[in-house]
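An overview of the molecular structure
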Amino acid sequence: MAELRTPDIRTIPRSKAIDDSYAFVRDGYLYGDRRFRRLGSDVFTARLAGRPVTVMFGAEAVGIFYEGERFSRDRAMPASVRHLLQDEGSVQALEGSPHRHRKSMFMQMLEPASIDELVSRFDAEWSAAGRRYAGRTVSLYDVTVDALTRTVVGWCGIPLHAVDLPELGGALAAMVDRAGSFGPVNWLARARRRRVEQWAAELILDVRRGRLEVASGSPVEQLALATDVDGTLLPEDIAAVELLNVLRPTVAVSRYLVFTAHAMHHHPDWRSRVTTDHEMAGHFANEVRRRYPFFPLIAGTVQRPFEWRGRDFEPGEWVILDLYATNHDKRLWSERNQFRPERFERWSGDPNTLVSQGGGDAATGHRCPGEAATIALTTRFAELIAPEPPFTVPAQDLRISLRRIPALPQDRFLVAFAERP
């Protein structure tokens, strides 16, 4: 196998296939990694779906991708993904001052005190879940989707009478579950999203017109009263999309919670350390985020020309940053495929190395504004299940296929909740 090298314009290799679409579907999360190693390079060119693309990974590539406003995310992903995970007019699709203005709203919404409240609400919902599912064997993924839906709806300040919780939770989960799918299952998830968007738009209008009373300063009120960079009120359909950009990513944390339980099940020696050391519980959560597969990549189109490694990148070029390969880059992570939370005791904190939710600065760039909330929820869940979980793990298929995007254990991590007296 070729040794990884730093390429320049003369040595950037090209994938040998005429088109890599089938290879991407076949290899899943490992599509980039296998070609980086085979070609001995941390960047290569290829064709995907008939379109020329440059694929890259590593801390330097993350810096190029996230810093300097070189790329636009608008329409950089296929419609099957875009319509489920961001949609038109959302903060992810904006650049420059409009993006910074919109992003500041999310950062204010997710200040430390607000995150503490979110975690506190999750504590209560997890305890309630133990009672609700007592004596039953269920998918932990389904349980955490339900608990997180209830958590984020309450945290947002949405009155319970204004929402169908099971339908909302199922639709939000489907937006993530089906983002890597094509055909009827993807179309169905998109149809469910459109219904949720309609509900959210009506909710926003009800708040604006005083027909629905919500707490002053609550996230749902902030979104209802949010303005664009020019000071005008956001159109209700855009405000609805942004409400989904709070609800959906919070429910998506369910994957990390399942992976946390999966890691704890396979590494029981960490239970006592997580139970007694909050900082170590945070390291455990970060290693879950590094080691386990979440979303494999992010794509962008060049919006302003730049030069990198002797090559000119021109507006309109399509570039993919491989997040999974960066989180498993042996130049950054020793024993990259081993689960070792202690590595974070010595981690520099470089935002371009742990990129499960993007790179760069969350306050000004496209890194996920909810990352701190994700870490807090995952850390707390590790602490909740480490000492004495309310469930046992029956025999099942716990393998995680890297061909399925986004990934989950084969049996969705079945758990048997204890009977309650």
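Residues numbered from 1 in each chain as written. Predicted model: local features only at pLDDT ≥ 70, side-chain atom pairs only at ≥ 80, totals over all residues. Heavy atoms only, no water.

A look at the nonpolar core
The test is simple: Buried Ala, Val, Leu, Ile, Met, Phe, Trp, Tyr and Cys residues that are joined via side-chain atoms within 4.5 Å together make up what is termed a nonpolar core. Buried means the residue's accessible area, taken with a 1.4 Å probe over protein chains only, is under 20% of the maximum for its type, while exposed means over 50%, and partly exposed covers the values in between. By the criteria applied, helices consist of DSSP H or I runs no shorter than four residues and strands consist of E runs no shorter than two, each listed in order from the N terminus. By the convention used here, residues are in contact when the closest approach between their heavy atoms is within 4.5 Å.
Trp126, Leu140, Ile158, Trp199, Leu247 and Phe284 are the most contacted members of the largest nonpolar core, which has 104 residues in total. Per-element tally for this core: the top contributor is helix H11 (residues 236-266), with 17 residues. Once residues within four sequence positions are removed from consideration, Phe284 is found in contact with Thr260, Ala263, Met264, Trp270, Val274, Phe339, Pro341 and Ala382. Met56, Tyr66, Phe71 and Phe313 belong to the second-largest nonpolar core, a separate cluster that totals 17 residues.

Overview of the pattern of salt bridges
To keep it simple, the criterion reads: For this document, the term salt bridge refers to a Lys or Arg side-chain nitrogen within 4 Å of an Asp or Glu carboxyl oxygen.
Applying the stated criterion to the full structure yields 30 salt bridges. Residues Arg412 and Asp142 are paired through a salt bridge, measuring 3.4 Å at the closest nitrogen-oxygen approach. Of this pair, Arg412 sits in the loop between strand E9 (391-392) and strand E10 (414-417) while Asp142 sits in helix H7 (residues 140-156); the two residues are 270 residues apart in sequence, bridging distant segments of the chain. For the salt bridge of Glu167 with Arg192, the shortest nitrogen-to-oxygen distance reads 3.6 Å. Taken together, the residues span a long stretch of sequence, with Glu167 in helix H8 (residues 165-177) and Arg192 in helix H9 (residues 184-208) at a distance of 25 residues. Through salt bridges with shared partners, a single ionic network connects Asp20, Arg26, Asp27, Arg34 and Arg35.

Some words on the sheet that holds strand E1 (residues 43-48)
To be explicit about the condition: Strands qualify as paired when DSSP identifies two bridges or more between them. In this analysis, axes come from line fits to C-alpha atoms, helices being fitted only over the stretch in contact, and the angle between any two N-to-C directions falls in the range 0 to 180 degrees.
The 5 strands lie next to each other as E1-E2-E8-E5-E3, forming an open sheet whose pairing is mixed. Two strands lie at the open edges of the sheet, namely E1 and strand E3 (71-72), each paired on one side alone. In the sheet, strand E5 (residues 297-302) pairs with strand E8 (residues 318-322) via 5 bridges, with the strands oriented antiparallel. Opposite Thr301, over in E8, you have Trp318 as the bridge partner. Sheet contacts for helix H2 (residues 31-39): E1, strand E2 (51-56) and E8; angle to E1, the most-contacted strand, approximately 130 degrees. Helix-sheet contacts for helix H3 (residues 59-66) involve E2, E3, E5 and E8, and the interaxial angle to E8 is about 135 degrees.

Considerations on the packing of aromatic side chains
Test applied: To pair, rings of Phe, Tyr and Trp, with the six-membered ring standing in for Trp, must have centres within 6.5 Å; the planes then decide the type, stacked if under 30 degrees apart, edge-to-face if over 60, and tilted in the middle. Our definition puts a charge over a ring when NZ of Lys or CZ of Arg is within 6 Å of the ring centre and also within 35 degrees of the ring normal.
Here the structure, examined in full by the defined rule, presents 24 aromatic pairs. For the ring pair Trp126 and Phe391, a centre distance of 6.4 Å and an interplane angle of 90 degrees mean the geometry is edge-to-face. Taken together, the residues Trp126 in helix H6 (residues 112-132) and Phe391 in strand E9 connect sequence positions 265 residues apart. Its end group placed over the ring of Phe57, Arg331 keeps NZ or CZ at 5.0 Å from the ring centre.

Thoughts on the packing of H11 against helix H13 (residues 278-291)
Going by this rule: Here is the rule for angles: anything less than 35 degrees is roughly parallel, anything more than 145 is roughly antiparallel, 65 through 115 is roughly perpendicular, and the remaining ranges are oblique. Amino acids are sorted into nonpolar (Ala, Val, Leu, Ile, Met, Phe, Trp, Tyr, Cys and Pro), charged (Asp, Glu, Lys and Arg) and polar (every other residue, Gly among them).
The geometry of H11 relative to H13 is characterised by a closest axis approach of 10 Å and an angle of 110 degrees between their N-to-C directions. One element, H11, and the other, H13, form an angle in the roughly perpendicular class. Here H11 contributes Tyr256, Phe259, Thr260, Ala263 and Met264 to the contact with H13, which in turn contributes Phe284, Val288 and Arg289. By residue class, the composition of the contact of H11 with H13 is 6 nonpolar, 1 polar and 1 charged.

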